[in-house]
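Residue-level structural notes
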Number of protein chains: 2
Amino acid sequence: MAKNDCRTKLMEIGTRLFAERGLHGVSIRELSQEAGASISMISYYFGGKEGLYSAVLQEQFACFDQIEEIRKQGAEPLDVIEGYIRWTLQRHRNNPYLLRFYTSELTNPTLWFHTIVQPAIEKIIRILIDVLDDGIRRQQFRKELHTGNAALALAGMANYFFLSTLATENLVSHSAENDEELIRQYAAIFTQGILASPP
Amino acid sequence: MAKNDCRTKLMEIGTRLFAERGLHGVSIRELSQEAGASISMISYYFGGKEGLYSAVLQEQFACFDQIEEIRKQGAEPLDVIEGYIRWTLQRHRNNPYLLRFYTSELTNPTLWFHTIVQPAIEKIIRILIDVLDDGIRRQQFRKELHTGNAALALAGMANYFFLSTLATENLVSHSAENDEELIRQYAAIFTQGILASPP
DNA sequence: ACGCTTCAATCGAACGTTTGTTATAAAAAA
DNA sequence: TTTTTTATAACAAACGTTCGATTGAAGCGT
């Protein structure tokens, strides 16, 4: 095998298996076998099974570093809200495993929750709260709005759509074709729900 | 020990431990020790570790059987929506473990997902879709509304508020004191977001 | 009230696997 | 030569399950 192919392959298979069955649901024997590498490479590169898991976790949540991008350009609160929904949907389309780690860590936190997961989620929620505060300052949104609760509501709408896929695919289409329409609908529901001066 | 105390205790501890660490994260030795019972009682009563897990799962999702109650009485769509939010919040307050199984099964489904979890979630989403369709028929809600997507949005708002607790408690209060206000806010955001004839 | 049987409930030890890790030596690649 | 990878074996620890023994209450004929 070529140089460092082994490390890459272990990360790849580790991502899939840990996402599918969690840290305790996968053995390093099965993992290394599927990766076509030998068992000892896990200790060699990552210092053990947990080291590999933490490396995978770090890689998965790295995409939250670029979240600030949804704020630039126009920076109109309404645009940012739609931008967040689009960003969230595309993020899950590009990497269907992330949500597994996301919710798994929220409900069964491991050692790395506070260093990797919590900062990432806090960062994005903080941005949403900022944007909503901004919208209130511009008198676009209702001034009684509790921006913390509203931010969680927005994040919940976008994430739960994917989270529920396995249980609701018989009832609602989760195909990527409808994503643009979904973005418009969710943006409409949320922004109309918080607009100032309702009739 | 009194008759069947053992069984009850095993269910009780099993619920807590499986919720906290998942099926694979708990050993029957630790479980039985915490329950003050001997290891063999798990096989005796439940046929094994997985049998205990499935019994716990069944018990956890039993509360979805009474979901129809939010439809009776007034049956005004707007009331049912608020009723759903309240029911969801109270459900999580009364049993903080349910959400762990709920999301754990959605992202790492076990053998019993299709027999226990999926039917429960489908049932409730179906009711929400029904109610939204009803509201459109009464011309209360926008007739362009995609009721499937909207139902998931509502469920997402209510559930994600709890799901995110561990990561967002520094930013947003999750105290039960504010529940009634939260219900009003979420009901307002959602219903105003789907109302007919926006200004 | 008595002795006897029955049976569900419980226990702790033992079994065979599988776990994650480590050590070793050799092969392959750079 | 140095780094990377392989294969293999060994290890103690932990795993889920099973087995035989023990307990104690209930049922029953006398």
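Residues numbered from 1 in each chain as written. Chains lettered and ligands numbered in written order. Predicted model: local features only at pLDDT ≥ 70, side-chain atom pairs only at ≥ 80, totals over all residues. Heavy atoms only, no water.

1. So, the relation of the copies chain A and chain B
You can overlay chain A on chain B at an RMSD of 0.1 Å; the transform is a turn of 180 degrees with a shift of 0.0 Å along its axis. One copy is carried onto the other by what is essentially a two-fold rotation axis. When you check the interface residues of chain A against chain B, 100% turn up at the interface there too, and the contact is symmetric in its surfaces. (Least-squares fit on C-alpha atoms with pLDDT ≥ 70 in both. Contact = heavy atoms within 4.5 Å.)

2. Quick word on the domain arrangement of chain A
Residue and element names in this part refer to chain A. In terms of domains, chain A is made up of domain 1 (3–60) and domain 2 (61–192). A C-alpha centroid distance of 29 Å is found between domain 1 and domain 2. Residue-level contacts link 13 residues of domain 1 with 14 residues of domain 2. Summed over both partners, the interface of domain 1 with domain 2 buries about 1,300 Å², with 66% contributed by carbon and sulfur atoms. It is Ala19, Leu57 and Gln60 that lose the most area in domain 1 upon contact with domain 2, and together they represent 49% of the buried surface on that side. (Domains from an automatic or database assignment. Buried area = accessible area lost by both parts, 1.4 Å probe.)

3. Re the protein's contact with DNA strand D
Close to DNA strand D lie 23 residues; Asn4(A), Tyr45(A), Ile28(B), Arg29(B) and Lys49(B) are nearest. In DNA strand D, atoms within 4 Å of the protein come 46% from sugar and phosphate. The contact in question runs from a phosphate oxygen of DNA strand D to an N or O atom on the backbone of Asp5(A), over 3.4 Å. In this structure, Arg29(B) approaches DNA strand D through a side-chain N or O atom, which is 2.8 Å from a base oxygen. Contributions of two or more residues to the surface near DNA strand D are made by α1 (5–21) and α3 (40–46) of chain A together with α2 (28–35) and α3 (40–46) of chain B. A total of four residues in the surface near DNA strand D trace back to one element, the largest contributor, which is α3(A). (Near = heavy atom within 4 Å. Polar contact = N/O pair within 3.5 Å; in protein donor to acceptor, adjacent residues only side chain to side chain. Helix = DSSP H or I, 4+ residues; strand = E, 2+ residues; numbered from the N terminus.)

4. What about the protein's contact with DNA strand C?
Near DNA strand C, the surroundings consist of 21 residues, among which Ile28(A), Lys49(A), Ser38(B), Ser40(B) and Tyr45(B) are the closest. Backbone atoms, meaning sugar and phosphate, form 50% of the atoms of DNA strand C found within 4 Å of the protein. At a separation of 3.3 Å, a phosphate oxygen of DNA strand C approaches a polar backbone atom of Val26(A). The separation between a phosphate oxygen of DNA strand C and a polar side-chain atom of Lys49(A) is 2.5 Å. Secondary-structure elements contributing two or more residues to the surface near DNA strand C are α2 (28–35) and α3 of chain A together with α3 of chain B. By residue number, the principal contributor to the surface near DNA strand C is α3(B), which donates four residues. Taken together, the residues that form the surface near DNA strand C break down as nine nonpolar, eight polar and four charged. (Nonpolar A, V, L, I, M, F, W, Y, C, P; charged D, E, K, R; others polar.)

5. What to know about the pattern of salt bridges
Within this structure, the stated rule accounts for 26 salt bridges over all chains. Across the pair Asp134(B) and Arg137(B) runs a salt bridge, and its minimum N-O distance is 3.4 Å. Separated by three residues within a single helix, Asp134(B) and Arg137(B) lie in helix α7 (residues 113–137), roughly one turn from each other. A salt bridge links Glu144(B) to Lys143(B), with the nearest nitrogen and oxygen atoms 3.6 Å apart. The pair formed by Glu144(B) and Lys143(B) is uniform in burial state, with each residue classed as exposed. Salt bridges linked by common partners bring Glu76(A), Asp134(A), Arg137(A) and Arg138(A) together as one network. (Salt bridge = Lys/Arg side-chain N within 4 Å of Asp/Glu carboxyl O. Buried < 20%, exposed > 50% of the residue type's maximum accessible area, 1.4 Å probe, protein only.)

6. A closer look at the interface of chain A and chain B
The interface is formed by 55 residues belonging to chain A together with 55 residues belonging to chain B. Connecting chain A to chain B are zero salt bridges. At the boundary of chain A and chain B, one finds 18 residue pairs in polar contact (both at pLDDT 80 or more). For the side of chain A that touches chain B, the secondary-structure elements that each account for two or more residues are α1, α6 (98–107), α7 (113–137), α8 (147–163), α9 (165–168) and α10 (179–194) of chain A. The leading source of residues in the side of chain A that touches chain B is α8(A), at 12 residues. Broken down by class, the residue content of the side of chain A that touches chain B amounts to 30 nonpolar, 19 polar and six charged.

7. Observations regarding unusual backbone geometry
For Gln139(A), which is not glycine, the phi dihedral falls at a positive 60 degrees. One can find Gln139(A) in the loop between α7 and α8.

8. What about the packing of helix α5 (residues 77–94) of chain A against α8(A)?
All names here are of chain A. Packing of α5 against α8 leaves a shortest axis separation of 10 Å and a crossing angle of 25 degrees. One element, α5, and the other, α8, form an angle in the roughly parallel class. Every pair of crossing elements has a handedness; the one defined by α5 and α8 is right-handed. Of the residues in α8, those in contact with Ile81, Tyr84, Ile85, Thr88, Leu89, Arg91, His92 and Arg93 of α5 are Leu154, Ala155, Ala158, Asn159, Phe161 and Phe162. Split by residue class, the contact of α5 with α8 holds nine nonpolar, three polar and two charged. (Axes fitted to C-alpha atoms, helices over the stretch in contact; angles between N-to-C directions. Parallel < 35°, antiparallel > 145°, perpendicular 65-115°, else oblique. Left-handed = near helix turned anticlockwise from the far one by under 90°.)

9. Comments concerning α5(A)
The terminal C-alpha atoms of α5(A) lie 25 Å apart, and with 18 residues this matches the ideal 26 Å at 1.5 Å per residue to within 8%. The set of residues buried in α5(A) consists of Pro77(A), Val80(A), Ile81(A), Gly83(A), Tyr84(A), Ile85(A), Trp87(A), Thr88(A), Leu89(A), Arg91(A) and His92(A). (Expected span 1.5 Å × (residues − 1).)

10. A closer look at the layout of surface pockets
Taken as a whole, the largest pocket encloses approximately 490 Å³ of empty space. Taken together, 28 residues line the largest pocket, and the ones lying closest to its centre are Arg21(A), Gly22(A), His24(A), Arg21(B) and Gly22(B). Of all the elements in the fold, those that place two or more residues in the lining of the largest pocket are α1, α4 (49–60) and α6 of chain A together with α1 (5–21) and α6 (98–107) of chain B. Examining the composition of the lining of the largest pocket, we find that three residues originate from one element, α6(B), more than from any other. When the residues that make up the lining of the largest pocket are grouped by side-chain class, the tally is eight nonpolar, 14 polar and six charged. (1 Å grid on protein atoms, 1.4 Å probe; cavity = no way out; pocket = protein on both sides within 12 Å on 5 of 7 lines; lining within 4 Å. Points joined across faces, edges and corners; volume = space filled by probe spheres on them.)

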